[in-house]
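Reading the structure
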Amino acid sequence: MFKRILVANRGEIALRIIRACREMGIETVAIFSEADRGAAYLELADEAYCVGPAKASESYLRVDRVISAAEIGNVQAIHPGYGFLAENPYFADVCRSCQIEFIGPTHEVMSLVGDKNAARKLAREHDVPVVPGSDGLVGTVDEALAVARGIGFPVLIKAAAGGGGRGMRVALTEEALRNAVQQAQAEADAAFGNADVYLEKYIEHPRHIEVQILADAHGNVVHLWERDCTTQRRHQKLIEESPAPNLDQATRQALCEAAVRLAKAANYLNAGTVEFIVDRQGRFYFIELNARIQVEHPVTELVTGIDLIKAQIRIAAGEPLAFGQEDIQPRGAAIECRINAEDTGRNFRPSPGRIEQIHVPGGFGTRFDSHVHPGYVVSPHYDSMLGKLLVHQPTRPEAIAAMKRALQELRIEGVKTTVPRLAEILDHPAFTEGRMDTTFLERTWPSG
Ligand code: MV4
């Protein structure tokens, strides 16, 4: 096992990783930008080094500075968390060349899944359902027209280098498709330095369901069931839960087995998430494979009892998984609410500033993953998540009731937060009845 790990991240996920390491007897080296200097969670690491100014592009995203901290800190491995360098194949490759274990997939896998068209092709070759669409890239408007006529409108043009909702464009008609293809190509080129696009039938009002997987270096691949992340707004998830409501057992089983098939086909290593959309008829389609630990991973930890961060570290150290698929029996229902410093009355605009007071809820089955404390200053330089409030209960209605109670207990003074909107969502019949789709929030609160 590793003796010492560098945590290449900040905030709640850095704290989450530091805690797991401490419990495993692993020393930690933290990094911080000048905006995070003096942050309380850094005290829990064994050492901490500054990697640059507040701007992420000059600190947490700087491969040279992060690697320097790893060399000076004399670590054997780096945990990237999520965001920043977590899905950067170049960073994973530099780690390898420096003989530092990257706690995540290989750079080959990261390159493969970063190409959404290649991932789609792999899925198709392994009987993982994909949305009807082009066989591969579409190079010209005429090609796109031919595909669209075959599958019918509306269609979605997606950038091969996109993902997470970036680089997509809907076309409702043949006339619109011409411009849409050219615009999508130009945008993809500008945003990702890669103009490749492909075409899919546009699935209206889908649900977003993802499957957590773990793969070790000995060929074992398991799934840890699904998370429903449908309750999101402008591609920002607000609430995640497991199990997905109103998903029949046969579909659930098929979805999870498809995820494992794809992970095996990709030679996947470490933790990953296979993302699907589910249409109104309950048909599911593979969308993308996320090669990182995700913000919402604790939802899965609560229903399975498996610590995903520790599992990631053990896998990276070469240990075989300590459990098989049969050992992963989900229990009860878990819900996560993202507590962001945002003003829901002003279109979720970030609300940075000093947290004057915070009271954290507790009680049976309640977990709050957060790095903030009274006096903590929320920087405008990073995403506005203050923490993740989670509950675990025997059933979904009980989990909803527990979350409402916990949100009432949570008191944050000094910045505006998403708490009032979260409480409204938990009271909405579309949510309580599990009838959400990805347009639910925008339709219900059109002004923001
Ligand atoms: C889609 C889709 C409809 N049809 N693909 C957005 C995030 C990215 N991972 C894939 N996304 C979508 N792909 C087809 N063919 C609708 C979305 C989508 C969406 C998906 C999951 C969660 C929220 C979403 C919000 C808007 C659109």
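Every value quoted in this text rests on a predicted model; they were computed, and no experiment measured them.

Cut-offs applied
- Residues numbered from 1 in each chain as written.
- Predicted model: local features only at pLDDT ≥ 70, side-chain atom pairs only at ≥ 80, totals over all residues.
- Heavy atoms only, no water.
- Helix = DSSP H or I, 4+ residues; strand = E, 2+ residues; numbered from the N terminus.
- Polar contact = N/O pair within 3.5 Å; in protein donor to acceptor, adjacent residues only side chain to side chain.
- Expected span 1.5 Å × (residues − 1).
- Buried < 20%, exposed > 50% of the residue type's maximum accessible area, 1.4 Å probe, protein only.
- Axes fitted to C-alpha atoms, helices over the stretch in contact; angles between N-to-C directions.
- Left-handed = near helix turned anticlockwise from the far one by under 90°.
- Contact = heavy atoms within 4.5 Å.
- Core = buried A, V, L, I, M, F, W, Y, C linked by side-chain atoms within 4.5 Å.
- Domains from an automatic or database assignment.
- Near = heavy atom within 4 Å.
- Areas by Shrake-Rupley, 256 points an atom, 1.4 Å probe, with all protein chains shown as cover.
- Nonpolar A, V, L, I, M, F, W, Y, C, P; charged D, E, K, R; others polar.
- Salt bridge = Lys/Arg side-chain N within 4 Å of Asp/Glu carboxyl O.
- Arc of directions from axis to C-beta.
- Pairing = 2+ DSSP bridges.

Focus: the side chain of Asp-369
Along the chain, Asp-369 falls in strand β19 (residues 366-370). Side-chain polar atoms of Asp-369 contact the side chain of Arg-367, separated by 2.9 Å.

Quick look at helix α1 (residues 11-24)
Its 14 residues give α1 an end-to-end C-alpha distance of 20 Å, which sits within 8% of 20 Å, the value for a rise of 1.5 Å per residue. Across the 14 residues of α1, eleven count as buried, placing the element largely inside the fold. Listing the buried residues of α1 in full gives Gly-11, Glu-12, Ile-13, Ala-14, Leu-15, Arg-16, Ile-17, Ile-18, Ala-20, Cys-21 and Met-24.

Quick word on the packing of helix α2 (residues 63-73) against helix α3 (residues 89-97)
It is the contact of α2 with α3, at a shortest axis distance of 11 Å, that shows an interaxial angle of 30°. Classified by chirality, the crossing of α3 by α2 is right-handed. Between α2 and α3, the residues in contact are Val-63, Val-66 and Ile-67 and Tyr-90, Phe-91, Val-94 and Cys-95, respectively.

What to know about the nonpolar core
Core analysis: the largest hydrophobic core is formed by 93 residues, its most contacted members being Leu-6, Ile-78, Phe-91, Leu-214, Phe-276, Phe-286 and Ile-313. No other element matches the eight residues that α1 contributes to this core. Residues from two domains meet in this core; each of domain 1 (4-103) and domain 3 (207-444) gives at least three. For Ile-78, the contacting residues outside a window of four places in its chain are Leu-6, Ala-8, Ile-67, Ala-70, Phe-91, Cys-95, Ile-100, Glu-101, Phe-102 and Ile-103. Within the second largest apolar cluster, 36 residues are counted, among which are Ile-239, Val-378, Ala-399 and Val-419.

Remarks on the site of the ligand
Taken together, 18 residues lie near the ligand, and Lys-158, Glu-200, Lys-201, Ile-203 and Glu-275 sit nearest. At a separation of 2.9 Å, a nitrogen atom of the ligand approaches a polar side-chain atom of Lys-158. Within the backbone of Ile-203, a nitrogen or oxygen atom sits 2.9 Å from a nitrogen atom of the ligand. Look at the ligand: alone it shows 520 Å² of surface, and the protein chains cover 91% of it. For the shell around the ligand, the secondary structure elements donating two or more residues are β6 (155-163), β8 (197-201), β12 (270-278) and β13 (284-290). Class assignment for the residues of the shell around the ligand results in seven nonpolar, six polar and five charged. Two domains each put at least three residues into the shell around the ligand: domain 2 (132-201) and domain 3 (207-444).

Things to note about the pattern of salt bridges
Applying the stated criterion across every chain yields a total of 38 salt bridges. Here Glu-296 ties to Arg-338 by a salt bridge, and the two come within 3.0 Å at their closest N and O atoms. With a gap of 42 residues between them, Glu-296 in the loop between β13 and α9 (297-304) and Arg-338 in strand β14 (residues 333-340) connect regions that are remote in the sequence. Across the pair, Arg-338 and Glu-296 agree in class, each one buried.

Some thoughts on the domain arrangement of the protein
What the domain assignment lists for the protein is domain 1 (4-103), domain 2 (132-201) and domain 3 (207-444). The distance between the C-alpha centroids of domain 1 and domain 2 comes to 37 Å.

Quick notes on helix α11 (residues 396-409)
Relative to the 20 Å expected for 14 residues at 1.5 Å per residue, α11 spans 20 Å between its end C-alpha atoms, a close match to the ideal helical length. Buried within α11 are the following residues: Arg-396, Ala-399, Ile-400, Ala-402, Met-403, Ala-406 and Leu-407. Seen from one end, α11 has its buried residues packed into an arc of 165°, which puts them on one side. Exposed and oriented more than 90 degrees from the buried face of α11 are Pro-397 and Gln-408. Close packing links the buried residues of α11 with β11 (236-242), β14, β19, β21 (385-393), α12 (419-427) and α13 (429-432).

Thoughts on the sheet that holds strand β3 (residues 47-52)
Taken together, the five strands give an open sheet; going across it, the order is β3-β2-β1-β4-β5, and neighbouring strands pair in parallel fashion. In this open sheet, the two strands that pair with only one neighbour each are β3 and β5 (101-102). Both strand β1 (residues 4-7) and strand β4 (residues 77-79) contribute to a ladder of three bridges, which runs parallel. By the bridge assignment, Leu-6 is partnered in β4 with Ile-78. Strands in contact with α2 are β1, β2 (27-33), β3 and β4; relative to β3, the strand with the most contacts, it is inclined by about 155°.

Thoughts on the pairing of β13
Most of β13 sits inside the fold, with seven of its seven residues counted as buried. Of the strand pairs in this sheet, β12 and β13 are connected by six bridges, and their pairing is antiparallel. Paired with Glu-275 across the strands is Glu-288, a residue of β13. In this antiparallel pair of consecutive strands, β12 and β13, the connection spans five residues, and Gly-282 shows a positive phi of 85°.

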